[in-house]
Amino acid sequence: MEAVSEFALIARYFQRATTRADIVLGIGDDAAIVAVPAQQHLAVAIDTLVAGVHFPLDTPPADIGYKAVAVNLSDMAAMGAQPCWMTLALTLPQADAEWVQAFAEGLFAAAQPYDVALIGGDTTRGPLTISIQIAGWVPHGGALRRDGAQAGDDIYVSGTLGDAGVGLAIAQRKCSLPAADSEFCVQRLRRPTARVELGLALRGVATSAIDISDGLSADLGHILSASRAGACIILDALPLSRAMRNVSPAEGLQYALHSGDDYELCFTAAPAHASALARIAHGIGVAITPIGHIESAPGLRGRAASGQITRLVPQGYEHF
């Protein structure tokens, strides 16, 4: 294990060239300075990942770096914002150069496809903790928010649900699947796909949006609370991957409803936009599935294949 100084770590692994012309001053000063385009609002989000809480202790460092960026990109996607810049606060038990190199490779692997530049941050000693603040821009009045869902809107989700929850159970040796399915689910846990392109395409189409970080029922519940509305979801409509179909139906439904870390988008839109959404899905190459509709009566309900409607209690990851 090679130990290096704080400034050597920054210079060696995090100070990389960028082509972004909107960075006035980047890494190396007391603060970064960026130029926000005219007629745009600044969108800012931050996420913290703690070892043993947000990822298993044996997670490869490259995957930790990748996920730390991806979860922030997902927040930008949920707002319909174009991600641009990020800062990193990295707390390490020790300055292990090999670990930091792999971590940095994963971090930039997630950031580079979206031209997101690292413009500053901080390093310190302590329990392994990664905090990334991401910033981007969104046109005035164009942001996707949680409070715009209206009765009659359809509810959609991107991709498939529950994969990361199963991946965590596999990592914790609480679940077993065939090798290929296990690998798929663990990869979905470690390297989620942020739906940035979809978030940008939903501007002017979606009435509300959120990313599924804590679980569908919990995060849809946030939309309902902010919009002062209720919802009924069609349980058989929840999109499941091939790997998830190897889980028992009862368990699969629980994972799809309540497990987090999928970082898919959940959003609402008026029925008149159904054809536009089909074109968006085709153009981006991501599945978009209608799973229910918004209602005026408060609360979250689920409709089974039999037609029976039951009350659903939002559940998901709780930080405290």
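You'll find the structure just up there.
Below is a summary of the structure that appears in this document.

Rules behind the numbers
- Residues numbered from 1 in each chain as written.
- Predicted model: local features only at pLDDT ≥ 70, side-chain atom pairs only at ≥ 80, totals over all residues.
- Heavy atoms only, no water.
- Helix = DSSP H or I, 4+ residues; strand = E, 2+ residues; numbered from the N terminus.
- Rg over C-alpha atoms; globule rule 2.2 N^0.38 Å.
- Buried < 20%, exposed > 50% of the residue type's maximum accessible area, 1.4 Å probe, protein only.
- Contact = heavy atoms within 4.5 Å.
- Areas by Shrake-Rupley, 256 points an atom, 1.4 Å probe, with all protein chains shown as cover.
- Lys, Arg positive; Asp, Glu negative; His and termini not counted.
- Charge placed at Lys NZ, Arg CZ, Asp CG, Glu CD.
- Pairing = 2+ DSSP bridges.
- Axes fitted to C-alpha atoms, helices over the stretch in contact; angles between N-to-C directions.

What follows is about the overall build of the protein chain. Along the backbone of the protein chain there are nine helices and 13 strands. In terms of overall size, the protein chain behaves like a compact globule, its C-alpha atoms giving a radius of gyration of 20 Å where 320 residues would be expected to give roughly 20 Å. Each principal axis of the C-alpha atoms in the protein chain carries an extent, and together these give about 65 × 50 × 35 Å. With 320 residues in all, the protein chain has 52% of them scored as buried. The long-range fraction of contacts in the protein chain, counting pairs at least 24 apart against all pairs at least 6 apart in sequence, stands at 85%. Carbon and sulfur atoms provide 53% of the accessible area of the protein chain, an area that totals close to 14,800 Å². Taking the average location of the 21 positive side-chain charges in the protein chain and that of its 31 negative ones, the two points are 5 Å from each other.

Here we come to the sheet that holds strand E4 (residues 82–92). Taken in spatial order, the four strands line up as E3-E6-E4-E5 in an open sheet, and their pairing is mixed. Unpaired on one side and paired on the other, strand E3 (40–50) and strand E5 (117–125) mark the two borders of the sheet. Averaged over all neighbouring strand pairs, the angle between strand axes comes to 15°, with direction disregarded. Its contacts with the sheet place helix H3 (residues 97–111) against E4, E5 and strand E6 (129–139), and it is angled at close to 165° to E4.

This next bit is on the sheet that holds strand E12 (residues 299–303). If you trace the seven strands from one edge of the open sheet to the other, you get E8-E10-E7-E11-E9-E12-E13, paired in mixed fashion. A single partner strand is all that each edge strand has here, and the edge strands are strand E8 (206–211) and strand E13 (309–312). Adjacent strand axes in the sheet meet at a mean angle of 30° when their direction is disregarded. Judged from the four bridges that link them, E12 and E13 form a sheet pairing that is antiparallel. Among the inter-strand pairings, leucine 300 is bridged to a residue of E13, identified as leucine 312. Packed onto the sheet, helix H2 (residues 61–79) meets E8 and strand E10 (265–269) and runs at close to 170° relative to E8.

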